[in-house]
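Read off the chains here:
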Amino acid sequence: MAAEAKELPAKGRLLIRNIGLCLSGDLDKPILDSDCLLIEDGVIAGFTAEDADSEIDAQGCAVMPGLIDSHTHPVFGDWTPRQNQLGWIEMNVNGAVTSFLSAGEVHLPGRPKDAEGVRALAMVAQRCFQNFRPIGAKVIAGAPVPELDFDRDFYASLKAAGIHRIGEIGLGTVAKGPDAARVTGWCRELGIETIMHTGGPSIAGSHLVTAEDVLEAQPDVVSHINGGPTSIPHEAVRELCRHATGALEAVHNGNEKSAIVAMETALEAGRLGDFLLGTDAPAGSGVQPNGMLRMVTLLASFGGLPAEQAICCATGNITRKRKIDQGMLEAGRPADIVFLDRPDGSAGKNVLEAMAMGNIPGIAAVMIDGKMRTGRSRSTPPSARVPRI
């Protein structure tokens with residue numbers, strides 16, 4: 001049986017020209033004053049027109065970093081047992097998502113809960129997705145769910161095995177404040193990222209996690225602050241936005257009204273840079289290929305946030321808060337780039353105005369590591385324009 005070929009970045013120099021809007025993903029400067037982008041060996045090299053081996057004419061399309069889904073539940077391959085669905089990752093790439101962060105591989109049938117089994121599952125999931133990238137997608141997996149009988153040595157063994165993130169506190173037997181604080185304390189000492197379920201139980205066997213529990217534990221990421229799917233009261237959401245020290249994550253499979261409350265409170269508190277977006281999919285709510293686009297558009301329309309800033313919540317904010325390379329259009333970063341425009345038939349002179357009206361963008365093409373992975377999307381409405389390759 002032939003071995004799988006390792007996914008490698010594109011080789012050579014590529015120039016993208018005639019860009020209509022260059023959306024950086026960086027909240028400090030979300031729109032760049034440039035109409036071209038130079039890529040070398042799959043990495044962004046700069047924003048000047050120089051000689052290149054090949055060119056792409058964006059034909060007025062906007063470009064932005066590939067979206068990063070801060071909250072997913074993959075298992076193995078491009079299949080989810082939660083919905084018994086094939087191809088969910090590939091369809092999300094068509095929905096502009098190029099990277100996926102696992103919040104725990106919890107939907108695996110017969111998932112082990114003993115220490116050896118949990119560690120083994122995390123290692124296997126991490127290594128499998130390092131080797132398997134559906135149409136180039138980057139799935140950052142291997143997120144073990146904490147259980148009460150795991151001691152500090154268990155978390156130290158995770159770090160030694162190359163596991164840098166744990167799954168959602170609250171999906172296993174660790175859920176309440178004192179127990180969660182013990183885990184976050186150990187992980188903080190060891191340099192392991194922690195995330196914590198917020199809200200009512202998502203499925204049978206998970207737990208209610210209150211704002212008080214989260215504030216006692218102070219995880220690195222307050223997962224689905226708007227519920228997954230059931231939200232805590234809005235005043236409790238506001239309390240977390242004001243006093244939780246970790247990033248504040250809102251998800252598609254949560255409460256939309258609570259997401260707006262969280263975004264508005266983060267903005268008032270000067271914490272928009274801490275505000276992240278995800279889907280919390282696959283889940284009982286299903287798989288939504290356009291879920292990340294819908295969340296960005298929700299903030300830009302009902303939330304009144306400038307669309308270019310809403311995009312940062314799904315790109316550069318996650319880059320910085322979760323310490324990954326991709327997610328911003330900046331020299332030295334991977335060339336994970338989405339070409340987008342207003343959807344055909346939408347009012348507004350460009351994609352940002354269309355999003356402010358509540359229309360999700362039309363995705364014209366998706367590039368990962370400098371390689372074109374899709375043409376016009378199979379998930380979104382058709383874009384008004386498409387790049388010429």
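Residues numbered from 1 in each chain as written. Predicted model: local features only at pLDDT ≥ 70, side-chain atom pairs only at ≥ 80, totals over all residues. Heavy atoms only, no water.

Undergrad: Help me get a handle on the nonpolar core, residues and values and all.
TA: Ranked by size, the top nonpolar core spans 79 residues in total, and within it Met64, Tyr155, Phe275, Leu277 and Leu299 carry the most contacts. The element that contributes the greatest number of residues to this core is helix H8 (residues 291-301), accounting for seven residues. What leucine 277 contacts, discounting residues up to four positions off in sequence, is Ile68, Asp69, Ser70, Ala250, Met292, Met295, Val296, Leu299, Ala310, Cys313, Ala314 and Ile318. (Core = buried A, V, L, I, M, F, W, Y, C linked by side-chain atoms within 4.5 Å. Buried < 20%, exposed > 50% of the residue type's maximum accessible area, 1.4 Å probe, protein only. Helix = DSSP H or I, 4+ residues; strand = E, 2+ residues; numbered from the N terminus. Contact = heavy atoms within 4.5 Å.)

Undergrad: Lay out the sheet that holds strand S5 (residues 43-46) with the relevant residues and their values.
TA: Hydrogen bonds between backbone atoms are what pair the strands of a sheet, whose relative direction is either parallel or antiparallel. The strand order S5-S4-S1-S6 describes an open sheet built from four strands, whose pairing is mixed. What marks the edges here is a single partner per strand, and that holds for S5 and strand S6 (54-57). In this sheet, adjacent strand axes meet at a mean angle of 30 degrees when their direction is disregarded. (Pairing = 2+ DSSP bridges. Axes fitted to C-alpha atoms, helices over the stretch in contact; angles between N-to-C directions.)

Undergrad: Give a detailed account of the packing of aromatic side chains, specifying residues and quantitative values.
TA: On inspection of all chains with the given rule, the structure shows four aromatic pairs. Considering the side-chain rings of tyrosine 155 and tryptophan 186, the 5.9 Å spacing of their centres and the 40 degrees angle between planes classify their relative orientation as tilted. Of this pair, tyrosine 155 sits in helix H3 (residues 152-160) while tryptophan 186 sits in helix H4 (residues 177-190), and the two are 31 residues apart along the sequence. Here tryptophan 186 falls in the buried class, since its relative accessible area comes to 19%. (Phe/Tyr/Trp six-rings, centres within 6.5 Å; stacked < 30°, edge-to-face > 60°.)

Undergrad: Residue-level account of the side chain of serine 70, with values.
TA: With respect to the element layout, serine 70 can be found in strand S8 (residues 67-72). Exposure remark for serine 70: the relative accessible area of 2% places this residue in the buried category. Among all residues touching serine 70, those that are not within four sequence positions of it are Leu101, Glu249, Leu276, Leu277, Gly278, Ile318 and Arg322.

Undergrad: Go over H4 with me, naming the residues and quoting the values.
TA: With 14 residues, H4 ought to run about 20 Å at 1.5 Å a step, and its terminal C-alpha atoms sit 20 Å apart, in line with that. Turning to H4, its buried residues number three or more, namely Gly177, Ala180, Val183, Thr184, Gly185, Trp186, Cys187 and Leu190. Looking at the buried residues of H4, the elements they touch are H3, strand S13 (195-196) and helix H5 (211-217). At the exit of H4 stands glycine 191, carrying a positive phi of roughly 80 degrees. (Expected span 1.5 Å × (residues − 1).)

Undergrad: Which residues make up the pattern of salt bridges, and what values do they have?
TA: Counting across every chain of the model gives 24 salt bridges. One salt bridge connects lysine 138 with aspartate 336, and the closest N-O pair in it is separated by 2.8 Å. Note that lysine 138 is positioned in strand S12 (residues 138-140) and aspartate 336 in the loop between helix H10 (316-321) and strand S17 (337-341), a separation of 198 residues in sequence. For lysine 138, a relative accessible area of 13% translates into the label buried. Linked through salt bridges whose partners overlap, the residues forming this network are Arg17, Glu55, Asp57 and Arg388. (Salt bridge = Lys/Arg side-chain N within 4 Å of Asp/Glu carboxyl O.)

Undergrad: Could you give an account of the pairing of strand S7 (residues 62-65), with specific residues and numbers?
TA: Strand direction decides the pairing type here: strand S2 (residues 21-23) and S7, joined by two bridges, are parallel. Bridge pairing links cysteine 22 to valine 63 in S7. As judged from the four bridges shared by S7 and S17, these two strands associate in the antiparallel manner. Pairing of alanine 62 across the sheet is with leucine 340, part of S17.

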